[in-house]
Amino acid sequence: MSKQTIRVAAIHDLSGFGRCSLSVILPTLSAMGIQACAIPTAVLSTHTGGLGDPVLCDLTDYIQPTLQHYQSLKLDFNCIYSGFLGSIDQIDHCLEFFSAYRGALKVVDPVMGDHGKTYRTYTPQLVARMQELVKVADVITPNLTEAAILLKEEYPNAPMTVSRLKSWLVRQSELGPEYVLITGVAMADGHLSNVGYDRNRGAFWRVNCDYVPVDYPGTGDIYASVVVGSLLNGDSLPIAMERATRFLELAIKTTYSYGTDSRYGVMLERSLPWLMEHHYLKGYEKL
Ligand code: PXL
């Protein structure tokens with residue numbers, strides 16, 4: 001592949017309204033200079049977070065022939081990046097993508113739930129299969145709910161101590177991934193932090209975030225996408241975590257200032273230019 005092009009296969013759903021999944025992943029990666037090739041697993045009229053019953057068109061049967069087509073074209077990818085998946089077959093097709101592109105960075109955002117609850121589309125079988133996908137990943141980006149699901153732990157209702165969090169990060173990395181990033185952790189010292197672990201270096205990192213009292217859909221997708229773009233552009237893990245955190249802070253605070261309906265997601269369009277600018281980042285800390 002030409003050095004000028006960094007190419008990602010993004011295997012996620014496309015929710016037309018509500019600013020999540022491919023609707024935010026593609027513009028985020030493009031703004032970072034990364035070519036994102038969408039492999040939609042389903043098309044939905046909206047996300048599933050409180051906007052009624054979305055119209056859903058399942059595209060499970062689209063994934064495998066698409067892989068074959070790309071292989072016949074000898075297309076190469078620097079990264080395979082999966083997210084919200086709707087069926088066991090979709091997870092199997094992601095595994096096929098991962099094994100077809102062994103040299104690619106394998107990123108799994110194990111989208112399964114939030115705020116201590118599993119999304120209603122996630123059956124126990126699907127959760128079990130997601131564990132298999134996580135095993136082959138190089139990088140995973142669960143939120144605290146998803147981290148608890150992956151470790152078969154209760155969702156922590158109390159703030160996390162550093163030692164407990166480190167043990168969660170290490171245990172997830174023992175499942176397979178070299179980099180484990182957990183978002184949205186309420187820490188015992190009062191901070192809300194995004195944390196990460198680099199198994200090869202044995203290094204733990206945290207980036208503290210400003211707290212805003214509203215939740216927006218799609219923020220996990222944006223976080224993982226900025227991390228993907230950042231790592232592919234050569235950033236270190238703590239800098240990638242900080243870039244993603246600072247960008248989300250900007251998008252969330254911009255949106256909060258307008259008081260828009262939280263179900264409509266963050267005002268990505270107003271924030272994207274930040275990703276195209278150069279920033280010196282030095283606000284990460286060792287955990
Ligand atoms: O942002 C995660 C996500 C992706 N896709 C769909 C969703 C959600 C979260 O609610 O509903 C369809």
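None of these values were measured; they are calculated from a predicted model. (Residues numbered from 1 in each chain as written. Predicted model: local features only at pLDDT ≥ 70, side-chain atom pairs only at ≥ 80, totals over all residues. Heavy atoms only, no water.)

A. Fine view of the pattern of salt bridges. Under the definition given, this model contains 11 salt bridges. Among the ionic pairs, lysine 106 bridges to aspartate 138, the shortest N-O distance being 4.0 Å. Residue lysine 106 is located in strand β5 (residues 105-108), and its partner aspartate 138 is located in the loop between α4 (124-136) and β8 (139-140); the two are separated by 32 residues in the primary sequence. For lysine 106, a relative accessible area of 13% translates into the label buried. Two residues, aspartate 235 and arginine 243, come together in a salt bridge whose shortest N-O distance is 2.9 Å. The class of arginine 243 is buried, set by a relative accessible area of 13%. (Salt bridge = Lys/Arg side-chain N within 4 Å of Asp/Glu carboxyl O. Helix = DSSP H or I, 4+ residues; strand = E, 2+ residues; numbered from the N terminus. Buried < 20%, exposed > 50% of the residue type's maximum accessible area, 1.4 Å probe, protein only.)

B. Geometry of the nonpolar core. By size, the foremost hydrophobic cluster in this structure holds 46 residues, and its most contacted members are Ile80, Phe97, Leu165, Leu169 and Ile182. Ranked by residue count, the leading element in this core is helix α5 (residues 144-151), at six residues. Filtering out sequence-adjacent residues up to four positions away, phenylalanine 97 remains in contact with Ala9, Ile11, Ile39, Ile63, Leu67, Tyr70 and Ile80. Counting 42 residues, the second largest nonpolar core, distinct from the first, contains Leu22, Tyr216, Leu237 and Ala251. (Core = buried A, V, L, I, M, F, W, Y, C linked by side-chain atoms within 4.5 Å. Contact = heavy atoms within 4.5 Å.)

C. Representation of the packing of helix α1 (residues 22-31) against helix α7 (residues 219-232). Between α1 and α7, the shortest axis-to-axis distance is 9 Å and the interhelical angle comes to 30°. If you check the angle between α1 and α7, you find them roughly parallel. With respect to the hand of their crossing, α1 and α7 are arranged in right-handed fashion. Counted together, Val24, Ile25, Thr28 and Leu29 of α1 and Asp221, Ile222, Ser225, Val226, Val228 and Gly229 of α7 form the full contact between these two elements. Looking at the contact of α1 with α7 residue by residue, the classes come out as six nonpolar, three polar and one charged. (Axes fitted to C-alpha atoms, helices over the stretch in contact; angles between N-to-C directions. Parallel < 35°, antiparallel > 145°, perpendicular 65-115°, else oblique. Left-handed = near helix turned anticlockwise from the far one by under 90°. Nonpolar A, V, L, I, M, F, W, Y, C, P; charged D, E, K, R; others polar.)

D. Just the UniProt feature "domain: Pyridoxamine kinase/Phosphomethylpyrimidine kinase" (unreviewed entry) in the protein chain, in detail. Within this numbering scheme, the UniProt entry marks residues 27-260 as carrying the feature "domain: Pyridoxamine kinase/Phosphomethylpyrimidine kinase" (unreviewed entry). The distance separating the terminal C-alpha atoms of residues 27-260 is 21 Å; by composition the span is 44% helix and 22% strand. (UniProt positions renumbered as here; feature names shortened; annotations may be inferred.)

E. Spatial organisation of the site of the ligand. By nearness alone, every residue bordering the ligand is listed as Asp13, Ser15, Cys20, Leu44, His47, Thr48, Phe84, Val111, Tyr119, Gly218 and Asp221. The separation between a nitrogen atom of the ligand and a polar side-chain atom of aspartate 13 is 2.7 Å. Here an oxygen atom of the ligand and a side-chain polar atom of threonine 48 are 2.6 Å apart. For the ligand, whose accessible area on its own is 320 Å², the fraction buried by protein is 94%. A breakdown of the residues in the shell around the ligand according to their chemical character gives five nonpolar, four polar and two charged. (Near = heavy atom within 4 Å. Polar contact = N/O pair within 3.5 Å; in protein donor to acceptor, adjacent residues only side chain to side chain. Areas by Shrake-Rupley, 256 points an atom, 1.4 Å probe, with all protein chains shown as cover.)

F. Just helix α8 (residues 237-258), in detail. In this model, α8 (22 residues) spans 32 Å end to end at C-alpha, consistent with the 32 Å of a helix rising 1.5 Å per residue. Counting buried residues in α8 gives 16 out of 22 residues, a clear majority hidden from the surface. A positive phi of about 65° marks glycine 259, the residue just after α8. (Expected span 1.5 Å × (residues − 1).)

G. Region of the structure containing the packing of aromatic side chains. Enumeration according to the criterion identifies nine aromatic pairs in this entry. Measuring from ring centre to ring centre gives 4.9 Å for phenylalanine 17 and tyrosine 264, while their planes differ by 75°; the resulting arrangement is edge-to-face. Within this pair, whereas phenylalanine 17 is found in strand β1 (residues 7-17), its partner tyrosine 264 is found in the loop between α8 and α9 (268-271), the two being separated by 247 residues in sequence. Residue phenylalanine 17 is classed as partly exposed on the basis of its relative accessible area of 39%. Judged by centre distance (5.1 Å) and plane angle (90°), the rings of phenylalanine 77 and tyrosine 101 are edge-to-face. In this pair, phenylalanine 77 sits in the loop between α2 (60-72) and β4 (79-82) while tyrosine 101 sits in the loop between α3 (88-100) and β5, placing the two residues 24 residues apart along the sequence. You'll find phenylalanine 77 and tyrosine 101 in the same group, each marked buried. The rings of Tyr70, Phe77, Phe97 and Tyr101 are connected pair by pair, giving a single aromatic cluster. (Phe/Tyr/Trp six-rings, centres within 6.5 Å; stacked < 30°, edge-to-face > 60°.)

H. Fine view of the environment of glutamate 96. Mapped onto the fold, glutamate 96 is located in helix α3. Given the relative accessible area of 25%, glutamate 96 is considered partly exposed. As a C-alpha pair, glutamate 96 and tyrosine 70 span 26 residues in sequence and 13 Å in three-dimensional space. The contact partners of glutamate 96, leaving out residues within four places of it in the chain, are Gln64 and Leu67. Reaching out from glutamate 96, the side chain makes a polar contact with the side chain of glutamine 64 at a distance of 3.3 Å.

I. Quick look at the side chain of glutamate 146. Position of glutamate 146 relative to the elements: it lies in helix α5. Buried and without a salt bridge, glutamate 146 has lysine 117 as its closest oppositely charged side chain, separated by 14 Å. If sequence neighbours within four positions are ignored, glutamate 146 has contacts with Asp109, Pro110, Val111, Met112, Gly113 and Thr141. (Lys, Arg positive; Asp, Glu negative; His and termini not counted.)

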